[in-house]
Amino acid sequence: MTTAESSHPMQKCKLVFLGDQSVGKTSLISRFIYDTFDSAYQATISIDFVPKTMYLPERTVRMYLWDAAGRDRYRYLITSYIRECALAIVVYDTTNRESFETTSKWIEEMLRERHGDVVIMLVGNKIDLIEKRQVTTDEGEEQANKYNVMFMETSAKGGYNVNHLFERMANALPPVE
Ligand code: GTP
Ligand code: MG
């Protein structure tokens, strides 16, 4: 075998995106998979997934990215999906304090519902909107430390830290036996 693609066994995993409405969950996925950004907001309905294979130096991971609607009325649906996910990204909007406060609820729900180990990343998105920022980096870090989860800040618009986010998630998976 000569290619990097064939040198590692394929690991499969499910990653769920959680967080309030309009924080940028769908935008982070679109930036990562298609390298595009749409400034027009279209709320996600229900929950759906996109597959993506990542070829990393250490491993090959087939990720199923579950994009959940932030709207309250779909929450009953999300609960049944998150049980199956080994990875979770809880997103808030750094320009919206309320969306940051609710991350406690999303993290606690993930910890409660998941059967088995889960890797959680707290993500503060929209950091390109410097003037509108309502949540500092220190506050984000503090919240992540409180729950012992990972933390990053991103901009789906500018692409800042987006690839890095997915690489960190893939690398946080336990190695294949
Ligand atoms: P729901 O599907 O309703 O749960 O929302 P969502 O979390 O998927 O948010 P979505 O990705 O649809 O983004 C909401 C709005 O924020 C859209 O208008 C996006 O263009 C905008 N947006 C998302 N990420 C960023 C970002 O990093 N910077 C800026 N400036 N705008 C962003
Ligand atoms: Mg969405």
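In this report, we go over the structure that sits alongside the text. Bear in mind that the values here come from a model prediction, so they are computed numbers and not experimental data.

Parameters at a glance
- Residues numbered from 1 in each chain as written.
- Chains lettered and ligands numbered in written order.
- Predicted model: local features only at pLDDT ≥ 70, side-chain atom pairs only at ≥ 80, totals over all residues.
- Helix = DSSP H or I, 4+ residues; strand = E, 2+ residues; numbered from the N terminus.
- Rg over C-alpha atoms; globule rule 2.2 N^0.38 Å.
- Buried ≥ 20, exposed ≤ 12 C-beta atoms within 10 Å, placed from the backbone.
- Core = buried A, V, L, I, M, F, W, Y, C linked by C-beta atoms within 7 Å.
- Pairing = 2+ DSSP bridges.
- Axes fitted to C-alpha atoms, helices over the stretch in contact; angles between N-to-C directions.
- Parallel < 35°, antiparallel > 145°, perpendicular 65-115°, else oblique.
- Contact = placed C-beta atoms within 7 Å.
- Nonpolar A, V, L, I, M, F, W, Y, C, P; charged D, E, K, R; others polar.
- Near = placed C-beta within 6 Å.
- Right-handed = clockwise from strand over helix to strand, strands pointing away.

Below, the discussion takes up the overall build of the protein chain. Looking only at helices and strands, the protein chain has 6 helices and 6 strands in total. Reading the protein chain from its N end, one meets helices and strands in the order β-α-β-β-α-β-α-α-β-α-β-α. Its C-alpha radius of gyration of 16 Å places the protein chain within 12% of the 16 Å reference for a compact globule of 177 residues. Over its C-alpha atoms, taken along the principal directions, the protein chain stretches across nearly 50 × 35 × 30 Å. Each of the 177 residues in the protein chain was classed as buried or not, and the buried ones make up 35%.

Once that is clear, we can look at the nonpolar core. Within the largest apolar cluster, 40 residues are counted, with the highest numbers of intra-cluster contacts made by Leu15, Val16, Ala88, Ile89, Val90 and Met169. Within the residue set of this core, elements represented by two or more residues are strand E1 (10-18), helix H1 (25-34), strand E3 (60-68), helix H2 (75-82), strand E4 (87-93), helix H4 (103-113), strand E5 (119-125) and helix H6 (162-172). Here the element with the most residues in this core is E4; it accounts for 6 residues.

It is generally the case that most residues other than glycine have a negative phi and that most peptide bonds are trans. Positive phi, close to 55°, is recorded for Asp35, a residue that is not glycine. Mapped onto the fold, Asp35 is located in the loop between H1 and strand E2 (47-55). With a phi close to 65°, Asn161 is a non-glycine residue in the positive phi region. If you trace the backbone, Asn161 turns up in the loop between strand E6 (150-153) and H6.

With that settled, the discussion passes to the pairing of E1. Sheet topology note: the E1/E3 ladder contains 8 bridges and is parallel. Looking at E3, one finds that Val16 is bridged to Trp66.

Take the packing of H1 against H6 next. One can describe the packing of H1 onto H6 by two numbers: an axis separation of 9 Å at closest approach and a directional angle of 90°. Between H1 and H6, the interaxial angle falls into the category roughly perpendicular. Side by side, H1 and H6 meet where Leu28, Arg31 and Phe32 of the first sit next to Val162, Asn163 and Phe166 of the second. Tallied by class, the residues present in the contact of H1 with H6 amount to 4 nonpolar, 1 polar and 1 charged.

The next subject is the site of ligand 1. Taken together, the neighbourhood of ligand 1 is formed by 23 residues, with Gly24, Thr26, Ser27, Thr44 and Gly70 sitting nearest. Among the elements that make up the shell around ligand 1, the one with the highest residue count is H1 (3 residues).

Sheet analysis places E5 next to E6, joined by 4 bridges and oriented parallel. Residue pairing for E6: Val123 is matched across the bridge by Met152. Between the parallel elements E5 and E6, the chain passes through helix H5 (residues 137-147) in a crossover that is right-handed.

Turning to H1, its buried residues number three or more, namely Lys25, Thr26, Ser27, Leu28, Ile29 and Arg31. Elements that come into contact with the buried residues of H1 comprise E1, E2, E3, E4, E5 and H6. One or two residues past the end of H1 sits Asp35, with phi positive at roughly 55°.

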